[in-house]
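Chain residues, written in single-letter form:
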Amino acid sequence: KSVRVFSNDEFGQYQLENELQNYKNISFLLGDIRDENRVDYVVKDIDIIFHAAALKHVDRCEFNPNEAVSTNILGTKNLISASQKADVKKVIFISTDKAVNPVNVMVASKLLAEKVISIEAFHKKSKTIFASVRFGNVLNTRGSLIPYIEEQIKRGGPVTLTDKRMIRFFMTESSKYSTNF
């Protein structure tokens, strides 16, 4: 019946609101997942939450580890607590495929957020169902690697590679196709 978009990204919300202006059942709420009171307010009367709030850039998290922990782990704990208080039916946490081998602050914080979610998933007193999913690179989404690589190619290179032995897997927004680069 209704969709709430909760984010601290004012401009991102503005762009999304313009893109979805024909849908009258969407409300846009500014705030930060680290603000426990705001999260409590936002989840009231919500059935399903897709939790994608996170700091996701490796270099930013390496140089700002406290912010990564505060957003990715403590913010997740705020959402869990608020969801349980509001009797939210389901919370789906969107993690990263990189959590399989945490080698930096961003990935370690996402893995710990998964652990916090999984602890609650097995908590018998909670009415809320908690689940985690891991995604890799999704083409044509905000923050996608592809525009960055395209820009490097336009400038004549070089194209930045993490490791020449690495294989990147991409999926499209519609998930109909996946590509191995």
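This text goes with the structure placed above it.
Asks: Which residues make up the overall build of the chain, and what values go with them?
Replies: A count of helical and extended segments in the chain gives six helices and eight strands. The N-to-C order of helical and strand elements in the chain reads β-α-β-α-β-α-α-β-α-β-β-α-β-β. Split into buried and exposed, the 181 residues of the chain put 32% on the buried side. Considering only residue pairs separated by 6 or more positions, the chain has 62% of its internal contacts joining residues 24 or more positions apart.

Asks: Which residues make up helix 4 (residues 65–85), and what are the values?
Replies: In a regular helix each residue adds 1.5 Å, so 21 residues correspond to 30 Å; helix 4 covers 29 Å between its end C-alpha atoms and thus fits that length. Where helix 4 bends most, at L74, the angle is about 30 degrees. Of the residues making up helix 4, those classed as buried are A68, T71, N72, I73, G75, T76, N78, L79, I80, A82 and S83. Contacts from the buried residues of helix 4 go to helix 2 (36–42), strand 3 (48–51), helix 3 (58–63), strand 4 (90–96), helix 5 (105–121) and strand 5 (129–135). Where helix 4 terminates, the next one or two residues include D87, which has phi positive at roughly 55 degrees.

Asks: Describe the nonpolar core, and please don't skip the residues or the numbers.
Replies: Generally speaking, a soluble globular protein has its nonpolar side chains buried in company with each other. The biggest cluster of nonpolar side chains holds 16 residues, and the ones touching the most others in it are V39, V43, I49, L79 and V91. For this core, the secondary-structure elements that each account for two or more residues are helix 4, strand 4 and helix 5. With four residues, the single largest contributor to this core is helix 4. When near neighbours in sequence (up to four residues on either side) are disregarded, V91 contacts I49, L79, S83, T128, I129, F130 and A131. Ranked by size, the runner-up nonpolar core spans six residues in total, among them C61, A68, A99 and M106.

Asks: Give me the packing of helix 4 against helix 5: which residues, what numbers.
Replies: Two numbers describe how helix 4 lies on helix 5: the axes approach to 9 Å, and their chain directions differ by 15 degrees. Classified by the angle their axes make, helix 4 and helix 5 are roughly parallel. Classified by chirality, the crossing of helix 5 by helix 4 is right-handed. Two secondary-structure elements touch here, helix 4 through P65, A68, N72, I73, T76, K77, I80 and Q84 and helix 5 through V105, M106, S109, K110, L112, A113, V116, I117 and E120. Tallied by class, the residues present in the contact of helix 4 with helix 5 amount to 10 nonpolar, four polar and three charged.

Asks: I'd like a rundown of the pairing of strand 1 (residues 3–7), residues and numbers included.
Replies: Of the pairings in the sheet, the one linking strand 1 to strand 2 (residues 26–30) comprises five bridges and is parallel in character. By the bridge assignment, V3 is partnered in strand 2 with I26. Note on the crossover from strand 1 through helix 1 (residues 10–19) to strand 2: the handedness is right-handed.

Asks: For the environment of E36, give the residues involved together with the corresponding values.
Replies: Considering the arrangement of structural elements, one finds E36 in helix 2. Here E36 falls in the partly exposed class, since its relative accessible area comes to 41%. Considered as a pair, E36 and S81 are 45 residues apart in the sequence and their alpha carbons are 8.7 Å apart. Residue contacts for E36: discarding those within four places in its chain leaves N78 and K85.

Asks: How would you explain the packing of aromatic side chains if you had to name every residue and give the values?
Replies: For the structure on display, the rule yields one aromatic pair. Judged by centre distance (6.1 Å) and plane angle (25 degrees), the ring pair of F11 and Y14 falls under stacked. Pair noted here: F11 and Y14 are both in helix 1, with a separation of three residues, about one helical turn.

About the cut-offs
- Residues numbered from 1 in each chain as written.
- Predicted model: local features only at pLDDT ≥ 70, side-chain atom pairs only at ≥ 80, totals over all residues.
- Heavy atoms only, no water.
- Helix = DSSP H or I, 4+ residues; strand = E, 2+ residues; numbered from the N terminus.
- Buried < 20%, exposed > 50% of the residue type's maximum accessible area, 1.4 Å probe, protein only.
- Contact = heavy atoms within 4.5 Å.
- Expected span 1.5 Å × (residues − 1).
- Bend = angle between axes of the 7 residues up to and from the residue.
- Core = buried A, V, L, I, M, F, W, Y, C linked by side-chain atoms within 4.5 Å.
- Axes fitted to C-alpha atoms, helices over the stretch in contact; angles between N-to-C directions.
- Parallel < 35°, antiparallel > 145°, perpendicular 65-115°, else oblique.
- Left-handed = near helix turned anticlockwise from the far one by under 90°.
- Nonpolar A, V, L, I, M, F, W, Y, C, P; charged D, E, K, R; others polar.
- Pairing = 2+ DSSP bridges.
- Right-handed = clockwise from strand over helix to strand, strands pointing away.
- Phe/Tyr/Trp six-rings, centres within 6.5 Å; stacked < 30°, edge-to-face > 60°.

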